[in-house]
2 protein chains.
Amino acid sequence: MAQKNILQFIILGLINDHPQTGYELTKSFDNDIGEFWSAKHSQIYPQLKTLEEKQYLTHTMEVSGEKLERKRYSITPAGQHLLTAWIAEPTINQTNGKDEFVLKLYFIHDQTDPRLTTMLEEQLQYHTEKLTHLKNQLSKKFPDGGDPANFGHYLILSHAVSRETEYYDWLNDALKQI
Amino acid sequence: MAQKNILQFIILGLINDHPQTGYELTKSFDNDIGEFWSAKHSQIYPQLKTLEEKQYLTHTMEVSGEKLERKRYSITPAGQHLLTAWIAEPTINQTNGKDEFVLKLYFIHDQTDPRLTTMLEEQLQYHTEKLTHLKNQLSKKFPDGGDPANFGHYLILSHAVSRETEYYDWLNDALKQI
DNA sequence: CAAAAACATGTAATTAATTACATGTTCATA
DNA sequence: TATGAACATGTAATTAATTACATGTTTTTG
């Protein structure tokens, strides 16, 4: 992809919440926000370097144990300015959802195609597990519903759950129709 | 992205339905399958070339009007074999969902943040239009519900509609909560 | 009939993102 | 105390995808 380097803003946003290391940021992408954006450490470390060169971040060295060093990054006022500007600007970029399975389905024209059941059931299993996991996360992180101090996080987790519910329902519906 | 070249299979699938030109393929990505995969012509033409070199496609020249030439690609038996193999193999999927707006939301912690309403309403307007458009498409292409001869197409359009409905409902829900 | 929109096909430059390479430390546990 | 999992940080090579460059034809419409 040749996008607008959205990753930099997400990193700034995460660090704005509290100073973090590259490793911790990587974990955030795996856990909290992975449903809506992903990035590997090989993309994160160079981006941290670039953001610091541009003075949007600074870092302090930490030592854990005897000699294991790590950099904990903090956001600068310039970084905060960039972050709020990104949030404020209208989001026109409809990032393209890509779903390999759905494309495969598109090429199966006949409702009685013997491959359909297997394919749908395979996906159903995957999405059932995913839905369970997301529901667990939601009730674990927000047992009392929307937390007013973490509203954004609550909203996107809710979205993840209902999106996954839609996928699950759609697969079941499709199976009923064959 | 460094994926597994899924584009080649999609092109093979589209051409398998009927011989097509690069231009027509580009339109397919814009219209029918754009909700679940997208590709620009600058990606499609080189891929057609590669697929023909590998003997998965052949082409015949066509002339429209006086001198405007175009290549109409057909799938070869080898191409069909590759296509069916792709469809048959289990889809081990990490839905590469990236949504810039949702990420912006994540960074808004306070439920009373003055930016929330504007942001959500802006998205609501966009997704309302998109939902209307998709519903129109569905009732236009499949006025009598699931067509047994175009089942895959029906399924993915249904999915697009319910997915968009979920987004719409979620945004409305969020607005009610603030 | 002129202009604009749509048709039509390619390549080049650049950016984004993944996989693989490379190295070493700390912690839990068997 | 060895062994493996998790911690931790980077770079290199490669692939995917977008934007921009480049050119020309046909059809529609005012």
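(A) Just the overall build of chain A, in detail. Counting its secondary structure elements, chain A contains 7 helices and 2 strands. Listing each helix as α and each strand as β along chain A from the N terminus yields α-α-α-β-β-α-α-α-α. Here the C-alpha radius of gyration of chain A, 20 Å, is well above what a compact globule of 178 residues would show, namely 16 Å. Put simply, 54% of the contacts in chain A that link residues at least 6 apart link residues at least 24 apart. Only carbon and sulfur atoms are counted for the fraction: they give 52% of the accessible area of chain A, which is about 9,200 Å².

(B) Highlighting the relation of the copies chain A and chain B. Overlay of chain A on chain B (RMSD 0.1 Å): rotation 180 degrees, translation along the axis 0.0 Å. Here the transformation between the copies is reduced to the relation of a two-fold axis. Residues of chain A ranked by C-alpha distance from the rotation axis are headed by A:G97, positioned 2.6 Å from it. Same-surface contact between copies: 98% of interface residues of chain A are shared with the interface of chain B.

(C) Representation of the side chain of B:T76 in the model. All names here are of chain B. Inspection of the secondary structure puts T76 in the loop between β2 (68-75) and α4 (77-88). Taking relative accessible area as the criterion, T76 reaches 11% and is therefore assigned buried. If we skip the residues at most four places from it in the chain, T76 touches Q55, Y56, L57 and T58.

(D) Structural detail: the environment of B:L134. All names here are of chain B. Topologically, L134 is positioned in helix α6 (residues 115-141). Note on L134: relative accessible area 2%, which makes it buried. Taking the C-alpha atoms as reference, L134 lies 24 Å from H41; in sequence the two are 93 residues apart. Ignoring any residue separated from it by four or fewer positions in sequence, one finds L134 in contact with E35, L157, A160, V161 and E164.

(E) Just helix α3 (residues 41-53) of chain A, in detail. Residues and elements named next belong to chain A. Here α3 contains 13 residues, and its C-alpha end-to-end distance of 18 Å stays within 8% of the 18 Å for a straight helix at 1.5 Å per residue. All buried positions along α3 are accounted for by I44, Q47, L48 and L51. Along the axis of α3, the buried residues cluster in a sector spanning 110 degrees; they form a single face. Residues of α3 that are exposed and point more than 90 degrees away from the buried face comprise S42, K49 and E53. Against the buried residues of α3 lie α1 (7-17), α2 (22-30), β1 (57-64) and β2 (68-75).

(F) Looking closely at the domain arrangement of chain A. Residue and element names in this part refer to chain A. Taken domain by domain, chain A consists of domain 1 (7-88) and domain 2 (100-177). Using only C-alpha atoms to locate each centre, domain 1 and domain 2 end up separated by 30 Å. Taken together, the contacts link 4 residues of domain 1 with 8 residues of domain 2. When the buried surface of domain 1 facing domain 2 is broken down by residue, D32, E35 and F36 rank first, second and third, together holding 91% of it. Between domain 1 and domain 2 we count 3 salt bridges in total. Where K141 meets D32, a salt bridge forms, and the shortest distance between an N and an O atom there is 2.8 Å.

(G) Focus on the interface of chain A and chain B. Taken together, the 63 residues of chain A in the interface contact 63 residues of chain B. Summing both sides of the interface, chain A and chain B together bury roughly 6,400 Å²; the carbon and sulfur share of this comes to 60%. Taken together, the connections running from chain A to chain B amount to 0 salt bridges. At the boundary of chain A and chain B, one finds 32 residue pairs in polar contact (both at pLDDT 80 or more).

(H) Region of interest: the packing of aromatic side chains. Across all of its chains, the model carries 12 aromatic pairs over all chains by this definition. Among the aromatic residues, those joined into a ring-pair cluster are A:F9, A:W86, B:Y106 and B:F107.

(I) Examining the pattern of salt bridges more closely. All names here are of chain A. Using the criterion set out here, one finds 18 salt bridges over all chains in the structure. Linking K130 and E35 is a salt bridge whose minimum nitrogen-to-oxygen distance equals 3.8 Å. Residue K130 is located in helix α6 (residues 115-141), and its partner E35 is located in the loop between α2 and α3; the two are separated by 95 residues in the primary sequence. Of the two residues, K130 and E35, neither departs from the other in class, the shared state being buried. E62 is the partner of R72 in a salt bridge, and the nearest nitrogen-oxygen pair spans 2.5 Å. With R72 in strand β2 and E62 in strand β1, this residue pair connects regions lying 10 residues apart in the sequence. For R72, a relative accessible area of 17% translates into the label buried. According to the relative accessible area criterion, E62 is partly exposed, its value standing at 23%. In the salt-bridge network here, residues are joined through shared partners; they are E24, E62, R70 and R72.

(J) Inspection of the packing of helix α1 (residues 7-17) of chain B against helix α3 (residues 41-53) of chain B at higher detail. Residue and element names in this part refer to chain B. Relative to each other, α1 and α3 sit at 80 degrees, their axes nearing to 10 Å. As the angle between them shows, α1 and α3 are arranged roughly perpendicular. Across the interface between the two elements, L7, Q8, I11, L12 and I15 of α1 pack against Q43, I44, Q47, L48 and L51 of α3. Looking at the contact of α1 with α3, its residues break down into 7 nonpolar, 3 polar and no charged.

Calculation criteria
Residues numbered from 1 in each chain as written. Chains lettered and ligands numbered in written order. Predicted model: local features only at pLDDT ≥ 70, side-chain atom pairs only at ≥ 80, totals over all residues. Heavy atoms only, no water. Helix = DSSP H or I, 4+ residues; strand = E, 2+ residues; numbered from the N terminus. Rg over C-alpha atoms; globule rule 2.2 N^0.38 Å. Contact = heavy atoms within 4.5 Å. Areas by Shrake-Rupley, 256 points an atom, 1.4 Å probe, with all protein chains shown as cover. Least-squares fit on C-alpha atoms with pLDDT ≥ 70 in both. Buried < 20%, exposed > 50% of the residue type's maximum accessible area, 1.4 Å probe, protein only. Expected span 1.5 Å × (residues − 1). Arc of directions from axis to C-beta. Domains from an automatic or database assignment. Buried area = accessible area lost by both parts, 1.4 Å probe. Salt bridge = Lys/Arg side-chain N within 4 Å of Asp/Glu carboxyl O. Polar contact = N/O pair within 3.5 Å; in protein donor to acceptor, adjacent residues only side chain to side chain. Phe/Tyr/Trp six-rings, centres within 6.5 Å; stacked < 30°, edge-to-face > 60°. Axes fitted to C-alpha atoms, helices over the stretch in contact; angles between N-to-C directions. Parallel < 35°, antiparallel > 145°, perpendicular 65-115°, else oblique. Nonpolar A, V, L, I, M, F, W, Y, C, P; charged D, E, K, R; others polar.

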